[in-house]
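Structural description and commentary
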Amino acid sequence: MEVLKHTTKNISKKLPLSPFIIPFLLYVFSVIFLYILPFSALININIVMLSTVDYFMTMFVIVIFFIVNKKKILQLDAVFRTKYLDFVCKFYFVFVLLVVYLVYGTYKNLSLVILNGYNREGLLNSVSAGYLDMLLPNLFNCLFVVSVLYKYPIKIRLIFFLGVISIMLFYLSRSNLIFLIYFPLVFLFIINRCFNYKIVLKFFLVVFLVVLIASGITVVQGRGENIQEVLFKIFETLFRYKAYSFYLAEYAIEISHGVEKSLFPFLGWFSEKIVSMGWAVDNPIAIYNSEFVFEFRFLGNGYRANVLYPWWSWFYGYYGILGLFLKSFFSYFILAVTLRFRLSLTFMYLLYTFLFIIVVKHPLINASAFYSIFVLLIFDLLIKVKYDKTAKR
């Protein structure tokens, strides 16, 4: 309670700008890179304009939301310092068991890589993911970041670190590494501490280490000969993949018709799953074993793209220009609901999603994306139930 009072007294009157800078630079460079790529002539200028309008509308929503709810948002700092720490400490052995499960799964997958020469695509085609394989990655990634930022006990940080490493090696995925760089930035909205040169230096050292690990994973994947070559490819890929979304947006717009697609912009895979229980879904996006999301679209000159269908394109495809406004209102609404019910980790993840993800991908594009948010929601509800009951006693 004292921590909460201290946080409330020290609420800053200014909106923190730092969390907006990197997303803005990433967006600008993705637009610049778009016109460097050989397939730039295929891009419709209207798509770029719509994307830009949507990007600034999203940033405007976040700014307005922070101004309106500043006090409640900053109070989350105390929640992560107290309730979350207490919860993970009390259920430490549950997380140990989950890490054992992850390590075992990683061992089996790495055996395929080392002994049978599988690459990433070979693993994806050969190894089926269970529910835990979809639920655990995002939970461990988020909790690892929280445990480091709030200096949880070393045994807590270590168990989450082992989980994160296992997750990265499970499917030889580099996307987790990008998340570990970006997700801490959203905590600049709530952490009430001054940054000095030591903190900045530590951050860049961690980023450098993460990039080195990503390079090593890429070499293991068979996508590069050495780390130096891969380092260049990682930075080039960072912007190239974001540029792909401008091209893929047209595919999303074209397929967004039919009554069953009316809820897809809002709920993605979950809406299709519900609709399919009573009606047949024409042109399925992420059910009936549809390949739409993962099917590669060939752009010419050896370039191909999939998955990166920006969120705005689904709203625009079904609702037209009105869809961009609906997306903004919906974004504000779900932020307000998660904050109102004190679903703290879910709220922070949604902030990250709005800043870094939705510009290139629907946040609920498939089952895996849905379960990534669903697991955080369940985790937050468990904490809410536990501590709300304690408070009433």
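Quantities reported herein were computed from a predicted structural model and do not represent experimental measurements. (Residues numbered from 1 in each chain as written. Predicted model: local features only at pLDDT ≥ 70, side-chain atom pairs only at ≥ 80, totals over all residues. Heavy atoms only, no water.)

Observations regarding the overall build of the protein
Helix and strand content of the protein: 19 helices and two strands. Sequence separation of 24 or more characterises 76% of the internal contacts of the protein that already satisfy a separation of 6 or more. Carbon and sulfur atoms provide 68% of the accessible area of the protein, an area that totals close to 19,900 Å². (Helix = DSSP H or I, 4+ residues; strand = E, 2+ residues; numbered from the N terminus. Contact = heavy atoms within 4.5 Å. Areas by Shrake-Rupley, 256 points an atom, 1.4 Å probe, with all protein chains shown as cover.)

A look at the pattern of salt bridges
In total, this model carries five salt bridges according to the counting rule given. Here glutamate 260 and lysine 261 are joined by a salt bridge, their closest N and O atoms 3.6 Å apart. Side by side, glutamate 260 and lysine 261 carry an identical accessibility label, which is buried. Between arginine 297 and glutamate 295 there is a salt bridge, and its shortest N-O distance comes to 3.6 Å. Taking relative accessible area as the criterion, arginine 297 reaches 10% and is therefore assigned buried. On the basis of relative accessible area, glutamate 295 is assigned to the partly exposed category, the value being 38%. (Salt bridge = Lys/Arg side-chain N within 4 Å of Asp/Glu carboxyl O. Buried < 20%, exposed > 50% of the residue type's maximum accessible area, 1.4 Å probe, protein only.)

So, the pairing of strand E1 (residues 297-300)
Bridging between E1 and strand E2 (residues 303-305) involves three bridges; their strand directions are antiparallel. The partner of phenylalanine 298 across the bridge, within E2, is arginine 304. (Pairing = 2+ DSSP bridges.)

Some remarks on the nonpolar core
In terms of nonpolar packing, the biggest core is built from 119 residues, with Phe80, Phe183, Phe187, Ile190, Leu345, Met348 and Phe379 touching the most fellow members. Here this core takes 11 residues from helix H18 (residues 344-357), the largest share from any one element. Excluding residues that lie within four positions of it along the chain, methionine 348 makes contacts with Leu76, Phe80, Phe183, Val186, Phe187 and Ile190. (Core = buried A, V, L, I, M, F, W, Y, C linked by side-chain atoms within 4.5 Å.)

Details of helix H10 (residues 154-170)
Under the 1.5 Å per step criterion, the end-to-end length of H10 is 24 Å for 17 residues, consistent within 8% with the ideal 24 Å. Considered for burial, the residues of H10 that qualify are Ile156, Ile159, Phe160, Gly163, Val164, Ser166, Ile167, Met168 and Phe170. (Expected span 1.5 Å × (residues − 1).)

Digging into the environment of phenylalanine 298
Inspection of the secondary structure assignment puts phenylalanine 298 in strand E1. On the basis of relative accessible area, phenylalanine 298 is assigned to the exposed category, the value being 61%. Apart from the residues within four sequence positions on either side, phenylalanine 298 is in contact with Tyr247, Tyr303 and Arg304.

Notes on a nonpolar patch on the surface
Together, Leu17, Ile21, Phe24, Leu25, Phe29, Ile32, Ile36 and Phe56 make up an exposed nonpolar region whose accessible area comes to about 780 Å². Sort the elements by how many residues they give to the nonpolar patch and helix H2 (residues 18-34) lands first, with five residues. As for its position among the elements, leucine 25 is in helix H2. (Patch = residues over 30% accessible without salt bridge, like charges linked within 9 Å, V, L, I, M, F, W, Y side chains within 5 Å.)

Details of the packing of aromatic side chains
Geometrically, a pair of aromatic rings is defined through the distance of the ring centres and the angle of the planes. Here the structure, examined in full by the defined rule, presents 50 aromatic pairs. Their ring planes at 35 degrees and their centres at 5.9 Å tell us that phenylalanine 65 and phenylalanine 347 sit as a pair that is tilted. Of this pair, phenylalanine 65 sits in helix H3 (residues 45-68) while phenylalanine 347 sits in helix H18, and the two are 282 residues apart along the sequence. Each member of the pair, phenylalanine 65 as well as phenylalanine 347, is classed as buried. Taken together, a centroid distance of 5.9 Å and an interplanar angle of 45 degrees make the contact between phenylalanine 144 and phenylalanine 161 tilted. One end of the pair, phenylalanine 144, is in helix H9 (residues 131-149); the other, phenylalanine 161, is in helix H10, and 17 residues separate them in sequence. Residue classification places phenylalanine 144 among the buried residues on the basis of a relative accessible area of 16%. Overall, phenylalanine 161 belongs to the partly exposed group, its relative accessible area being 38%. The aromatic ring of tyrosine 92 is capped on one face by lysine 155, whose charged end is 4.6 Å from the ring centroid. Against the face of tyrosine 251 rests arginine 297, its NZ or CZ located 4.5 Å from the ring centre. (Phe/Tyr/Trp six-rings, centres within 6.5 Å; stacked < 30°, edge-to-face > 60°. Lys NZ or Arg CZ within 6 Å of the ring centre and 35° of its normal.)

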